[in-house]
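# Survey of secondary and tertiary structure
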Amino acid sequence: MARIQTNKEISRKEVILKASAALFREKGYKAASMRDLAVKVGVEAASLYNHIRSKAELLHDICFDVANIFTENISEVEASGNAPIVKLELLLRFHIRQMIDNFEEVYVADREWRYLTEPYLSNYQNQRRSYRRRFAAIIDEGIKQGQINKIDPSTTVLILLHAVSGIESWHRSKQKISGEKLEENMLTILIEGVKR
């Protein structure tokens, strides 16, 4: 029987999570089956249950792993002592890099979270709302300090995050600029768009 291929840096569970994120992005969480996942990983479907309990557990782990990474980052940015406009740039750089480097996980956490079961669904929604409030508070502080245009902070957060989620199209492009150029171009557009 085939074994899940791994190395010293990544566990079998991490291999399964990575493959799950790719599968959930391709097919959608609802349409993806454990059999599909087993094919992607290269094992029998029954073998997956030696490492995970269910498809729902995989979605939970992907969503909360991503949410926790973003929460840790915003906490570091808030504590950095930088000016609000610099904090905003740091947040956007992080979002862009995550969309470039960990696209499938971020995509699934952003689009498929609605299939989480309770109490995880409510917890996840609360974490998302809290994150957006904290993001908006940085923009609000920038407005008060005269670094950011007088714009509605909550709406601005939604617009900025939707712009970054558009990196999905970059991943599908046949001819595309490098990730570094994409990051710099997006920051020029987004930061200059809000800067006072």
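Summary of the structure given here. (Residues numbered from 1 in each chain as written. Predicted model: local features only at pLDDT ≥ 70, side-chain atom pairs only at ≥ 80, totals over all residues. Heavy atoms only, no water.)

### Some points on the nonpolar core
Selection criterion: Think of a nonpolar core as a cluster: buried Ala, Val, Leu, Ile, Met, Phe, Trp, Tyr and Cys residues, connected wherever their side-chain atoms sit within 4.5 Å. A 1.4 Å probe rolled over the protein chains alone gives each residue an accessible area, and that area as a share of the maximum for its type sets the label: buried under 20%, exposed over 50%, partly exposed in between. The way it works is that DSSP assigns letters per residue, a run of H or I at least four long becomes a helix, a run of E at least two long becomes a strand, and they are numbered from the N terminus. Any pair of residues with heavy atoms lying within 4.5 Å of one another is described as a contacting pair.
Counting residues in hydrophobic clusters, the biggest one holds 61 residues, and the most contacted among them are Leu37, Leu88, Leu92, Phe135 and Ile167. Top element by residues in this core is helix 4 (residues 55-78). It accounts for ten residues. In this view, Ile167 contacts Ile96, Met99, Ile100, Leu182 and Met186; residues no more than four positions away in its chain are not counted.

### Considerations on helix 6 (residues 103-111)
Spacing of three or four residues puts side chains on the same side of an α-helix, whose turn is 3.6 residues. When helix 6 is considered as a whole, its buried residues turn out to be Phe103, Glu105, Val106, Tyr107, Val108 and Ala109. Where the residues of helix 6 are buried, they touch helix 1 (12-27), helix 4, helix 5 (84-101), helix 7 (120-144) and helix 9 (167-172).

### As for helix 2 (residues 34-41)
Note the following rule: The directions from the helix axis to the C-beta atoms form the arc being described.
Taken together, the buried positions of helix 2 are Met34, Leu37, Ala38 and Val41. An end-on view of helix 2 places all buried positions within 100 degrees of arc, on one side of the element. Exposed and facing more than 90 degrees away from the buried side of helix 2 are Arg35 and Val39. Just downstream of helix 2, Gly42 is the residue with a positive phi angle, here 90 degrees.

### With respect to unusual backbone geometry
Here the amide bond leading from Glu118 into Pro119 is cis, since omega sits at 5 degrees, within 30 degrees of zero. Relative to the assigned elements, Pro119 resides in the loop between helix 6 and helix 7.

### Quick word on the environment of Asn102
One can find Asn102 in the loop between helix 5 and helix 6. Residues Asn102 and Lys18 lie 84 residues apart in sequence; the distance between their C-alpha atoms is 9.5 Å. Not counting the four nearest positions on each side in its chain, Asn102 is found in contact with Lys18 and Arg97.

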